[in-house]
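So you can see what is in the structure, the chains are spelled out below.
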Amino acid sequence: MTQIRYNDFSFSVGPGESVLDCILRNGIDISHACKAGACNSCMMKANQGTIPSKAQVGLRDSLKEQGYFLPCVCFPDTDLVLTDATELKVPARVVERDMLSQTVLRVRLRMETEIPFRAGQYFTLFRQDGLARSYSAANLPGDNWLELHVRLIPGGKMSGWLANQAGENEPVWVQGPFGFCFYTNGNPEQPLLLAGTGTGLAPLYGILRDALENGHQGPIMIFHGALDGRGLYLVPELQELSQQYPQVTYVPTVLHPDNADPAWEVGLLDEVVKRKFNAWRDARIFLCGDPVLVNGMKKKFFLAGAALKNIYADAFTFS
Ligand SMILES: Cc1cc2nc3c(=O)[nH]c(=O)nc-3n(C[C@H](O)[C@H](O)[C@H](O)COP(=O)(O)OP(=O)(O)OC[C@H]3O[C@@H](n4cnc5c(N)ncnc54)[C@H](O)[C@@H]3O)c2cc1C
């Protein structure tokens, strides 16, 4: 049976048990959220032992080489000596909050140390007591703050706290950036397809502005879906961008037609995209938000002719 040493403790990992579950079973409450290798909230460092490659999927090479890994998807074959990844956390403060819609809170964080990132990448946000959740960057790096769009979840620990309890200049910690869902230069004529529901718009809005700042000339279609009009946000900003840049088409989409603006599309987001978009073979595609929808769209758009290597997706897997 493999052993893990963590701080002053030593534990035996049970058959089929992840390192995270083993630590939690032994009564140590370390930060974690999705338990699926998607959010990076539980990241740790192995100072001794061999980390299975599956426990490092999605991490950038520099982190992998230093022994960082995700204990929630780590099923070790050798004994491990572990520490927290505290040195990767950067102190920050909650400097601004305002509602973008009835259910979406915009949070701006001022970082104590500037962290280089690309719009669309995500960060793990830590509260003082260790509660951790991941959020995508909705702004461009030059802004002097990190902007997050947080969906208010009924009973949600982090979203509820950010909306109701966090104080002015509340200290928090930020770890990242993570993920590969961002715009890269090259091929400025390529069609871009951006699609997501709810706060999936956060990374897409950042990616859109990044592409435009980098002089992207090809057609860009951005689809934002919601149950009804109350779930759409940043509508004037996106309409303005589409007026200012003729290559941008903004398609607000609602599932329920009640009180829908006649200019909005009605229907399931993936079906609306398939109705209105046809440059599948050449497009670079960005999909963000609800995990079921993101994974479903990935499959459907691949079957419609998109190349898998051109699809960048961030599923907002929750705890
Ligand atoms: C890579 C990544 C990027 C993300 N980016 C964003 C982002 O930009 N904006 C954003 O708002 N969120 C984002 N998330 C989701 C976010 O990390 C949290 O999961 C979310 O904010 C809920 O946290 P909470 O503490 O408020 O709720 P919790 O206390 O975790 O959840 C309370 C209850 O609600 C359920 N629940 C939580 N979320 C959902 C949901 N979406 N649908 C249905 N039930 C749910 C939980 O299972 C639980 O029962 C991202 C997640 C990942 C993995």
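Everything quoted here is computed from the prediction, not taken from an experiment.

Reading the values: rules and limits
Residues numbered from 1 in each chain as written. Predicted model: local features only at pLDDT ≥ 70, side-chain atom pairs only at ≥ 80, totals over all residues. Heavy atoms only, no water. Axes fitted to C-alpha atoms, helices over the stretch in contact; angles between N-to-C directions. Helix = DSSP H or I, 4+ residues; strand = E, 2+ residues; numbered from the N terminus. Parallel < 35°, antiparallel > 145°, perpendicular 65-115°, else oblique. Left-handed = near helix turned anticlockwise from the far one by under 90°. Contact = heavy atoms within 4.5 Å. Nonpolar A, V, L, I, M, F, W, Y, C, P; charged D, E, K, R; others polar. Domains from an automatic or database assignment. Pairing = 2+ DSSP bridges. Near = heavy atom within 4 Å. Polar contact = N/O pair within 3.5 Å; in protein donor to acceptor, adjacent residues only side chain to side chain. Areas by Shrake-Rupley, 256 points an atom, 1.4 Å probe, with all protein chains shown as cover. Core = buried A, V, L, I, M, F, W, Y, C linked by side-chain atoms within 4.5 Å. Buried < 20%, exposed > 50% of the residue type's maximum accessible area, 1.4 Å probe, protein only. Phe/Tyr/Trp six-rings, centres within 6.5 Å; stacked < 30°, edge-to-face > 60°. Lys NZ or Arg CZ within 6 Å of the ring centre and 35° of its normal.

Visitor: I'd like a description of the packing of helix α4 (residues 201-213) against helix α5 (residues 235-244), backed by residues and values.
Guide: Where α4 meets α5, the axes come as close as 12 Å, and the angle between the chain directions of the two elements is 25°. One way to sum up the angle between α4 and α5 is to call them roughly parallel. Both α4 and α5 take part in a crossing whose hand is left-handed. Note on element contacts: α5 touches α4 through E237, L238 and L241, opposite L201, Y205, L208, R209 and L212. Broken down by class, the residue content of the contact of α4 with α5 amounts to six nonpolar, no polar and two charged.

Visitor: Can you break down the domain arrangement of the protein chain residue by residue, with the values?
Guide: Along its sequence, the protein chain is carved into domain 1 (3-86), domain 2 (89-178) and domain 3 (192-315). Between domain 1 and domain 3, the C-alpha centre-to-centre distance is 35 Å.

Visitor: Just give me the short version of the sheet that holds strand β5 (residues 80-84), but keep the residues and values in it.
Guide: One open sheet accounts for five strands, arranged β2-β1-β5-β3-β4; its pairing is mixed. The sheet terminates laterally at β2 (9-12) and β4 (68-69), the two strands that pair on one side only. In terms of strand pairing, strand β3 (residues 44-48) meets β4 through two bridges, oriented antiparallel. Bridge assignment links K45 to a residue of β4, and that residue is Y68.

Visitor: Give a detailed account of the site of the ligand, specifying residues and quantitative values.
Guide: Close contacts around the ligand come from 22 residues, with S134, H149, M158, S159 and S319 the closest. M158 places a main-chain nitrogen or oxygen 2.8 Å from an oxygen atom of the ligand. Isolated, the ligand exposes 950 Å² of accessible area, and the fraction of that covered by the protein chains is 81%. Contributing elements (two or more residues each) for the shell around the ligand: β9 (132-136), β10 (146-151) and α3 (157-164). Element by element, the count of residues in the shell around the ligand is highest for β9, at four residues. Here the shell around the ligand is composed, by residue class, of ten nonpolar, nine polar and three charged.

Visitor: I'd like a description of the sheet that holds strand β13 (residues 220-226), backed by residues and values.
Guide: Read from one edge of the open sheet, six strands run β15-β14-β13-β12-β16-β17, paired in parallel fashion. The sheet is open, and its two borders are formed by β15 (265-266) and β17 (311-315), each paired with just one other strand.

Visitor: Mind laying out the nonpolar core, listing which residues take part and the relevant values?
Guide: General note: in soluble globular proteins, nonpolar side chains tend to be found buried as a group. The biggest cluster of nonpolar side chains holds 30 residues, and the ones touching the most others in it are L194, L208, I220, I222 and L238. Elements with a minimum of two residues in this core: β12 (192-197), α4, β13, α5, β14 (248-254) and β16 (284-289). No other element matches the eight residues that α4 contributes to this core. When residues are assigned to domains, this core turns out to be shared by domain 2 (89-178) and domain 3 (192-315), each giving three or more. Sequence-distant contacts of L208, that is, excluding residues within four places in its chain, are made with L194, I220, I222, L238, L241 and V248. In terms of nonpolar packing, the next biggest core, distinct from the first, is built from 28 residues, Y6, F11, L20 and L80 among them.

Visitor: Explain the packing of aromatic side chains to me, using residue names and the numbers behind them.
Guide: Across all of its chains, the model carries six aromatic pairs by this definition. Relative to F11, the ring of F9 lies with its centre 5.9 Å away and its plane at 10°, an arrangement referred to as stacked. Classification of F9 as partly exposed rests on a relative accessible area of 41%. Note on F11: relative accessible area 8%, which makes it buried. Plain terms: the ring middles of Y122 and F178 are 5.8 Å apart, the flat faces sit at 45° to each other, and that makes the pair tilted. Placement of the pair is Y122 in strand β8 (residues 122-126) and F178 in strand β11 (residues 170-178), with a sequence separation of 56 residues. The same class applies to Y122 as to F178, namely buried. Grouped by ring-pair contacts, the aromatic residues F277, W280 and F301 constitute a single cluster. Residue placement shows K89 over the ring face of F126; its charged tip is 4.2 Å from the ring centre.

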